[in-house]
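Residues per chain, in single letters:
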Protein chains: 2
Amino acid sequence: MIEVMTTTSAGPDQLDLALAMGAKALAHPMRVRILRLLLARTECVCGGLVDELPLAQATVSQHLKVLKAAGLVRGEVDGPRTRYCADRDAIARLQGLLGALGQ
Amino acid sequence: MIEVMTTTSAGPDQLDLALAMGAKALAHPMRVRILRLLLARTECVCGGLVDELPLAQATVSQHLKVLKAAGLVRGEVDGPRTRYCADRDAIARLQGLLGALGQ
DNA sequence: ATCGTCCATCGTCAATCGACGATGAAGTGT
DNA sequence: ACACTTCATCGTCGATTGACGATGGACGAT
């Protein structure tokens, strides 16, 4: 029998993409921890984070890169060090995306 | 100089773990799409989802398994088919975890 | 100019993910 | 018993992730 394609068979839309992107950034416990550290302002400098975490410096830098790529964290160079801080607006937007799931 | 370990150097705690788990389940756009389809009650049966998505049946089943493992979706066997539905309480808990990030 | 510090990046490796076809288990209908 | 449907699982493959040591670039101090 010939099957007629009645449905759109559509993939995820832009909002799904955005939520998935943000979720992916939070999909690792250590990144959640790092984001909470930044939100608590306990530490903003990469070296300080390395001291507080059981990870090598390169690994922390990688996680920060992921969080920054997702827009959840901003980083400004301050002399030889880099000062990171959580982007509360971006976090709020992500919360909004998740909250909008239930319409 | 002898460095004294003053900080706890602690990894993520239980809440970080839980949030990361949920986020990981949503870390793929197609899973977000599927969860929204289930929330909208457009389709609850796996075959129906396959019809609405540009994915093979095995792939949809895999994504459903991930969502179910994360507790965001429940599935009950109904004769030869399986009826899936979104767990709104679990989703609300995840929203709460994300919302609690900003304290 | 030469250190030493701080950080990003590179290269590598094992592990995991995402997608699929193929197979099989469980149920329904004849 | 047999065929058919529906779905989960297996096995495979390429791609991505997460972790690390090593390297190098940028800056501050001597």
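Residues numbered from 1 in each chain as written. Chains lettered and ligands numbered in written order. Predicted model: local features only at pLDDT ≥ 70, side-chain atom pairs only at ≥ 80, totals over all residues. Heavy atoms only, no water.

Quick look at the layout of surface pockets now. Residue and element names in this part refer to chain A. If you add up the space inside the largest pocket, you get close to 150 Å³. Taken together, A18, M21, G22, A70, G71, L72, A90, R93, L94 and L97 make up the lining of the largest pocket. With four residues, the single largest contributor to the lining of the largest pocket is helix 5 (residues 88–99). Taken together, the residues of the lining of the largest pocket sort by class into seven nonpolar, two polar and one charged. (1 Å grid on protein atoms, 1.4 Å probe; cavity = no way out; pocket = protein on both sides within 12 Å on 5 of 7 lines; lining within 4 Å. Points joined across faces, edges and corners; volume = space filled by probe spheres on them. Helix = DSSP H or I, 4+ residues; strand = E, 2+ residues; numbered from the N terminus. Nonpolar A, V, L, I, M, F, W, Y, C, P; charged D, E, K, R; others polar.)

This brings us to the packing of helix 5 of chain A against helix 5 (residues 88–99) of chain B. Where helix 5 of chain A contacts helix 5 of chain B, the axes come no closer than 10 Å and their chain directions differ by 175°. When the axes of helix 5 of chain A and helix 5 of chain B are compared, the pair comes out roughly antiparallel. Facing L94, Q95, L98 and G99 of chain A of helix 5 of chain A, the residues of helix 5 of chain B in contact are L94, Q95, L98 and G99 of chain B. (Axes fitted to C-alpha atoms, helices over the stretch in contact; angles between N-to-C directions. Parallel < 35°, antiparallel > 145°, perpendicular 65-115°, else oblique. Contact = heavy atoms within 4.5 Å.)

The subject of this paragraph is the environment of D87 of chain A. Residue and element names in this part refer to chain A. Counting through the fold element by element, D87 comes out in the loop between strand 2 (81–86) and helix 5. Judged by relative accessible area, which is 13%, D87 ranks as buried. Distance in space between the C-alpha atoms of D87 and E43 is 14 Å, their sequence separation being 44 residues. The contact partners of D87, leaving out residues within four places of it in the chain, are G71, L72, V73 and R74. Side-chain polar atoms of D87 contact the backbone nitrogen of D89, separated by 3.1 Å. (Buried < 20%, exposed > 50% of the residue type's maximum accessible area, 1.4 Å probe, protein only. Polar contact = N/O pair within 3.5 Å; in protein donor to acceptor, adjacent residues only side chain to side chain.)

Okay, the pairing of strand 1 (residues 73–78) of chain A next. Residue and element names in this part refer to chain A. Sheet analysis places strand 1 next to strand 2, joined by six bridges and oriented antiparallel. Opposite V73, over in strand 2, you have A86 as the bridge partner. Here strand 1 folds back onto strand 2, and the loop between the two strands holds two residues, one of which, G79, carries a positive phi near 65°. (Pairing = 2+ DSSP bridges.)

Close contacts around DNA strand C come from 21 residues, with V45, G47, S61 and Y84 of chain A together with H63 of chain B the closest. If you look at DNA strand C and keep only atoms within 4 Å of the protein, 77% of those are sugar or phosphate atoms. Take T59 of chain B: an N or O atom from its side chain is 2.9 Å from a phosphate oxygen of DNA strand C. When residues of the surface near DNA strand C are traced back to their parent elements, those giving at least two are helix 3 (46–52), helix 4 (57–69) and strand 2 of chain A together with helix 4 (57–69) of chain B. A per-class count over the surface near DNA strand C returns nine nonpolar, eight polar and four charged. (Near = heavy atom within 4 Å.)

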